Amino acid sequence: MKLRDVQRLELPPSADMHVHLRQGAMMELVVPQIRRGGVDTVFVMPNLQPPITTVAQALEYKALLQAIEPRVTYLMSLFLHPSVTPSVIAEAAAAGIVGVKLYPQDMYANTHAFPPSPESTGVTTNSENGVSSFDDFAATFAAMEAHGLVLNLHGEAHGDVPAAAGSLEEAFLPTLADLHARFPRLRIVLEHCSTAGALDAVRACGPEVAATITAHHLYLTGDDSKVDPLAFCKPIPKRASDRDALLRAVVSGDPKFFFGSDSAPHPLASKRAAPPAPPPAGVFTQPVATQLVVLAVEEAAARGVVDDADADAVRARLEGFLSRHGRAFYRLPPPPPPQEAIRLERRSETVPASVGTAGALEVGVSRAGAPVFSLSWVPR
Ligand code: DOR
Ligand code: ZN
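Treat the numbers as computed from the prediction; the structure is a model and nothing was measured. (Residues numbered from 1 in each chain as written. Chains lettered and ligands numbered in written order. Predicted model: local features only at pLDDT ≥ 70, side-chain atom pairs only at ≥ 80, totals over all residues. Heavy atoms only, no water.)

A. Layout of empty space enclosed by the protein. Taken as a whole, this structure holds two cavities of 30 Å³ or more when the rule is applied. Residue lining of the second largest cavity: Leu230, Ala264, Pro265, His266, Lys271, Gly282, Val283, Phe284, Val363, Gly364, Val365 and Ser366, and that is the complete set. Of the residues that constitute the lining of the second largest cavity, the class distribution is seven nonpolar, four polar and one charged. (1 Å grid on protein atoms, 1.4 Å probe; cavity = no way out; pocket = protein on both sides within 12 Å on 5 of 7 lines; lining within 4 Å. Points joined across faces, edges and corners; volume = space filled by probe spheres on them. Nonpolar A, V, L, I, M, F, W, Y, C, P; charged D, E, K, R; others polar.)

And the structure:
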């Protein structure tokens with residue numbers, strides 16, 4: 001039976017290894033959406049205002065998240081900064097922090113051009129504190145290697161990229177290879193891959209190097225990002241051929257590739273601000289994270305990009321991508337058998353336009369109106 005004909009599907013809870021949960025009222029709004037999207041474990045990004053650069057900040061943030069939704073496991077990270085020294089890494093490891101996020105420095109973080117151009121400099125929200133030279137961090141990377149912390153790369157070059165290098169992401173790939181060669185035992189995640197070239201670069205490295213793939217890079221292309229502020233994000237989605245390469249990686253069964261939604265909420269009012277004010281970069285998918293991955297795979301099957309003729313085989317590979325590969329890469333302690341599973345059923349549900357309150361804090365959801373499975377949590 002084809003996946004497209006399956007009416008009901010049961011999966012273990014998804015692990016979303018790249019989320020932005022923000023602070024204050026936005027955090028209160030977003031955290032309860034995690035389980036709606038079928039997720040019980042999240043890797044939490046540290047690009048707050050100010051960024052999370054100390055163990056105390058990370059633990060305080062984790063406590064706030066747990067108070068809002070205690071049924072989710074929060075994996076915490078630090079924002080790479082000169083103050084994140086080898087001794088901070090030792091302290092972080094002892095406190096159970098699992099990763100350090102590297103954002104290339106971007107002086108223009110909050111003034112992205114819109115529509116985006118491939119050459120536009122600029123990386124991402126709150127990244128003006130990021131890294132400009134990797135050499136300064138050699139001792140920190142060595143400490144991470146020794147303590148088993150993961151380096152999470154926002155893999156986009158900063159500054160002007162020669163046209164021959166392609167996108168900002170493709171221009172960054174030699175840096176990935178270089179870091180892996182210099183620190184071969186350092187586990188590295190190339191976050192939110194958006195090109196076929198990035199997938200190949202990750203495959204070319206050893207098993208210490210893996211990559212996350214978002215839901216939205218499985219259905220958006222650069223053309224969507226140009227016209228729709230809700231589809232505008234970093235890295236900018238690329239060509240249809242890149243999207244299809246990402247889809248094939250999702251159902252390949254390769255443990256190097258796992259889910260990280262990069263769900264990045266911004267107030268709808270700021271997304272809709274009339275040009276020339278640029279919208280903030282970020283696509284919000286959290287309430288339908290798992291559902292949008294499954295939908296994208298079904299659409300890819302309809303286009304002939306992936307084969308869904310054996311629904312059981314596709315389900316097993318989706319389970320690897322959504323739930324198993326990320327947990328294995330992060331070496332999470334073997335969980336007790338999950339008490340709950342997620343059940344997906346076709347009940348004519350569609351993606352909601354937004355979450356929150358119109359006129360107050362409201363966040364637009366990507367793919368509003370698209371037909372998705374209804375998701376419920378069921379005891380196992
Ligand atoms: O589009 C993005 N928005 N990409 C990121 O990597 C970060 C994010 C954000 O924090 O808004
Ligand atoms: Zn992100």
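B. Layout of the environment of Ala316. With respect to the helices, strands and loops of the structure, Ala316 is situated in helix α12 (residues 311-329). What makes Ala316 partly exposed here is its relative accessible area of 30%. (Helix = DSSP H or I, 4+ residues; strand = E, 2+ residues; numbered from the N terminus. Buried < 20%, exposed > 50% of the residue type's maximum accessible area, 1.4 Å probe, protein only.)

C. Layout of the sheet that holds strand β2 (residues 14-19). What the three strands build is an open sheet, ordered β2-β3-β4; its pairing is parallel. Here the strands that pair on one side only, and so sit at the sheet edges, are β2 and β4 (73-75). Averaged over neighbouring strand pairs, the angle between their axes works out to 20 degrees when direction is ignored. Two strands pair when backbone bridges link them, and β2 and strand β3 (residues 39-44) are joined in this way by four bridges, in the parallel orientation. Looking at the pairing, Ser14 lines up with Val39 of β3. (Pairing = 2+ DSSP bridges. Axes fitted to C-alpha atoms, helices over the stretch in contact; angles between N-to-C directions.)

D. Broad picture of the pattern of salt bridges. What the rule picks out here adds up to 19 salt bridges. In this structure, Arg343 and Glu10 form a salt bridge, with 2.8 Å as the shortest nitrogen-oxygen distance. In this pair, Arg343 is assigned in strand β11 (residues 340-350) and Glu10 in strand β1 (residues 8-11), connecting sequence segments 333 residues apart. With a shortest N-O distance of 3.0 Å, Asp40 and Arg327 are connected by a salt bridge. Of this pair, Asp40 sits in strand β3 while Arg327 sits in helix α12, placing them 287 residues apart in sequence. Judged on exposure class, the residue Asp40 and its partner Arg327 are both buried. Each of the salt bridges in this network shares a partner with another, and the network as a whole consists of Arg8, Glu345 and Arg347. (Salt bridge = Lys/Arg side-chain N within 4 Å of Asp/Glu carboxyl O.)

E. Broad picture of the packing of aromatic side chains. Applying the stated criterion across every chain, the model contains nine aromatic pairs. Both rings, one in Phe134 and one in Phe172, keep their centres 6.3 Å apart while their planes meet at 80 degrees; by these two values the pair is edge-to-face. Pair noted here: Phe134 is in the loop between β6 (99-102) and α5 (138-147) and Phe172 is in helix α6 (residues 168-182), with a separation of 38 residues, a long-range link. Taking relative accessible area as the criterion, Phe134 reaches 21% and is therefore assigned partly exposed. (Phe/Tyr/Trp six-rings, centres within 6.5 Å; stacked < 30°, edge-to-face > 60°.)

F. Examining the coordination of the zinc ion (ligand 2) more closely. Of the protein atoms, only His18 (NE2), His20 (NE2) and Asp262 (OD) coordinate the zinc ion (ligand 2), at distances of 2.0 to 2.1 Å. If you list the donors of the zinc ion (ligand 2) from N- to C-terminus, the spacing comes out as H-x1-H-x241-D. Of this pair, His20 sits in the loop between β2 and α1 (24-30) while Asp262 sits in the loop between β10 (257-259) and α10 (268-272); the two residues are 242 residues apart in sequence, bridging distant segments of the chain. You can call His20 buried: its relative accessible area is 6%. Since its relative accessible area comes to 6%, Asp262 is described here as buried. (Donors = N, O, S within 2.8 Å, 3.2 Å for Na, K, Ca; no water.)

G. Fine view of the environment of Leu153. Structurally, Leu153 is set in strand β7 (residues 150-153). Sequence separation between Leu153 and Leu102 is 51 residues; the distance between their C-alpha atoms is 5.1 Å. Filtering out sequence-adjacent residues up to four positions away, Leu153 remains in contact with Lys101, Leu102, Phe172, Leu176, Leu179, Ile188, Val189, Leu190 and Glu191. (Contact = heavy atoms within 4.5 Å.)

H. Here's a closer look at the side chain of Thr290. Within the fold, Thr290 resides in helix α11 (residues 289-302). Of note is the side chain of Thr290, whose polar atom sits 2.6 Å from the backbone oxygen of Gly37. Residues in contact with Thr290, not counting those within four places in the same chain, are Ser14, Gly37, Gly38, Val39, Leu322, Ile342 and Leu375. (Polar contact = N/O pair within 3.5 Å; in protein donor to acceptor, adjacent residues only side chain to side chain.)

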